[in-house]
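One-letter residues, chain by chain:
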Amino acid sequence: MAIGGTARKVLWARSADLCAYPGCLQRLTINLHDEGSQSLEAAGIPLGEEAHIISGSPEGPRYDGSYPVEKIDSYENLILLCPTHHRLIDKKDGSGFSAETLRRMKVEHEASQSTLKSGQQKRLEEIELRTLAMVETWAKKANLSEWENLTWKLNFPTPRLSQSEIDLLTKQAEWAMTRNWPLHYPELRRAFNNYSTVLRDAVNHIRRSMEPIEGRGEVWEIYREHKHRIMSQSEYDASLRDMQYRIDLLCELSWELTKAANFVCDSVRLELDPLFRFDEGVLPHRVGDGIFVNNFTREEYGRSELDRPDPYVGISALKERVKKQGGASR
């Protein structure tokens, strides 16, 4: 597990970017865990460290085998410290500072900082935290950790999805369409609205263009009319063109959806959380059968696309593009 964006944001916000050790109040810079952080540290800029009150490792300080594993990286088990005091509390396996002592230290520090904030500051902070929680909900619903597999399935020579995968995409589309993104984050709001539109078009195309495979349970694939009735050669050729059109449009939608999702991630980092998916990098797009072709590409909107009110051109323009590229029958 790793410390999530919401837990990190709450910790830093309520600690006011200050070390929680009594009397320290060192102003801290967020630790990016990369070479840039080393440069900041070398320049004498103190980096904040999100210290665990109870270690997740049996060999770590204040380890408690009864403490729930799922809470190790949660906000309640973290305290913000400067490097000096992080080393101090963990010295000699943390024997000098009990978990209860650190919890009390954290509560008192955050309470003291809260009294210094105005009502407006607290409201803005609450909006920020709720928005970040909504972003993390999206990341789970979109299954960003498995994005490569989704695009691979959508770009397979004969695209196939399970009924459960289609249902999850449908539920995600419904969820995304009904969200109210705060006006405080205009680029984030724009990015999510754009993503919602692409996802809706992708789900609609999947449901209109795919059918369950007979004898394969819940597996769905692109509809092929020539499998269902006897037809003339010209009708058969038209059926093949129609099938290829459906496949090509699904491929285009997978590219657009990847660009839209990466745009969301960029917007989150720009306006809300600079560390959102910082280590994971961009969402990859995968094309091929895994044997003869297995290509990974980086799909992001270009400057000309971002200069439009909505980067996504829309399903009508996408269909026209597919027709021109493949000479489809529709």
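Numbers given for residues are sequential positions, taken from 1 along each chain in its written order. Owing to the predicted nature of the model, reporting of local features is limited to residues with pLDDT of at least 70; listing and counting of side-chain atom pairs is limited to 80 or more, with chain, interface and lining totals taken over all residues. Computation of side-chain values: all heavy atoms of the structure, hydrogens and water removed.

Draft legend 1. Examining the environment of Leu47 more closely. Its location among the elements puts Leu47 in the loop between α2 (35-42) and β1 (49-52). Owing to a relative accessible area of 4%, Leu47 belongs among the buried residues under this scheme. Sequence separation of Leu47 and Arg286 is 239 residues, and the distance between their C-alpha atoms is 37 Å. Helix and strand assignments come from DSSP, with helices taken as H or I runs of at least 4 residues and strands as E runs of at least 2, each series counted from the N terminus. In this scheme, a residue with accessible area under 20% of its type's maximum is buried, one over 50% is exposed, and one in between is partly exposed, where area comes from a 1.4 Å probe on protein chains only.

Draft legend 2. Summary view of the nonpolar core. Counting residues in hydrophobic clusters, the biggest one holds 50 residues, and the most contacted among them are Val135, Trp138, Leu144, Trp147, Tyr195, Ile206 and Phe276. Only α5 (119-141), α6 (147-155), α7 (163-177), α8 (186-209), β5 (219-222), α9 (233-271) and α11 (315-326) provide two or more residues apiece to this core. A total of 13 residues in this core trace back to one element, the largest contributor, which is α9. When neighbours within four sequence positions are excluded, Trp147 is seen to be in contact with Ala142, Tyr195, Leu257, Thr258, Ala261, Leu283 and Pro284. Here, the term nonpolar core denotes a set of buried Ala, Val, Leu, Ile, Met, Phe, Trp, Tyr and Cys residues that are joined through side-chain atoms within 4.5 Å. Two residues qualify as a contact provided that any one of their heavy atoms is within 4.5 Å of a heavy atom in the partner residue.

Draft legend 3. Just the packing of aromatic side chains, in detail. Between rings of Phe, Tyr and Trp, where Trp is taken as its six-membered ring, a pair exists when centres lie within 6.5 Å; planes separated by under 30 degrees are stacked, by over 60 edge-to-face, and by other angles tilted. The final tally for this structure, using the stated rule, is 6 aromatic pairs. Pairing Trp138 with Tyr195 gives two aromatic rings, centres 5.4 Å apart and planes at 85 degrees, and the pair type is edge-to-face. Residue Trp138 is found in helix α5, and its partner Tyr195 is found in helix α8; the two are separated by 57 residues along the sequence. According to the relative accessible area criterion, Trp138 is buried, its value standing at 0%. Between Phe263 and Tyr301, the ring centres sit 5.8 Å apart and the planes meet at 85 degrees, which makes this aromatic pair edge-to-face. You can see Phe263 sitting in helix α9 and its partner Tyr301 sitting in the loop between β7 (294-298) and α10 (303-306), a full 38 residues away along the chain. Of the two residues, Phe263 and Tyr301, neither departs from the other in class, the shared state being buried. Aromatic ring contacts, followed pair by pair, group Trp138, Trp181, Phe192 and Tyr195 into a single cluster. Its end group placed over the ring of Tyr75, Lys106 keeps NZ or CZ at 3.7 Å from the ring centre. Look at NZ for Lys and CZ for Arg. If either is within 6 Å of the ring centre and within 35 degrees of the ring normal, a charge sits over the ring. The ring centre of Trp152 lies 4.5 Å from the NZ or CZ of Arg286, which sits over that ring.

Draft legend 4. How the structure looks around the pattern of salt bridges. Salt bridge, as used here: a side-chain nitrogen of Lys or Arg that lies within 4 Å of a carboxyl oxygen of Asp or Glu. Using the criterion set out here, one finds 22 salt bridges in the structure. Residue Asp167 is joined to Arg207 by a salt bridge in which the shortest nitrogen-to-oxygen separation is 3.1 Å. Taken together, the residues Asp167 in helix α7 and Arg207 in helix α8 connect sequence positions 40 residues apart. Of the residues examined, Asp167 reaches a relative accessible area of 29% and is grouped as partly exposed. Owing to a relative accessible area of 39%, Arg207 belongs among the partly exposed residues under this scheme. Arg298 is the partner of Glu300 in a salt bridge, and the nearest nitrogen-oxygen pair spans 2.6 Å. What emerges from the salt-bridge pattern is a single network uniting Glu252, Glu256, Lys259, Glu305 and Arg321.

Draft legend 5. Region of the structure containing the environment of Leu25. The residue Leu25 is located in the loop between α1 (5-15) and α2 in this model. Along the backbone, Leu25 and His109 are 84 residues apart, and their C-alpha atoms lie at a distance of 9.2 Å. Once residues lying within four places of it in the same chain are set aside, the contact partners of Leu25 are Leu18, Cys19, His109 and Gln113.

Draft legend 6. Structural view of the packing of α1 against α5. Between α1 and α5, whose axes approach to 9 Å, the crossing angle comes to 165 degrees. In terms of their interaxial angle, α1 and α5 are classed as roughly antiparallel. Seen from above, α1 lies across α5 with right-handed handedness. Here Gly5, Thr6, Lys9, Val10, Ala13 and Arg14 of α1 lie close against α5, whose contacting residues are Glu125, Glu128, Leu129, Leu132, Ala133 and Glu136. The axes used here are C-alpha line fits, helices contributing only the stretch in contact, and every angle between their N-to-C directions lies in the interval 0 to 180 degrees. Each angle is binned into one of four classes, with values under 35 degrees roughly parallel, values over 145 roughly antiparallel, values of 65 to 115 roughly perpendicular, and all other values oblique. The hand of a helix crossing depends on one turn: near helix anticlockwise from the far one by less than a right angle means left-handed, and clockwise means right-handed.

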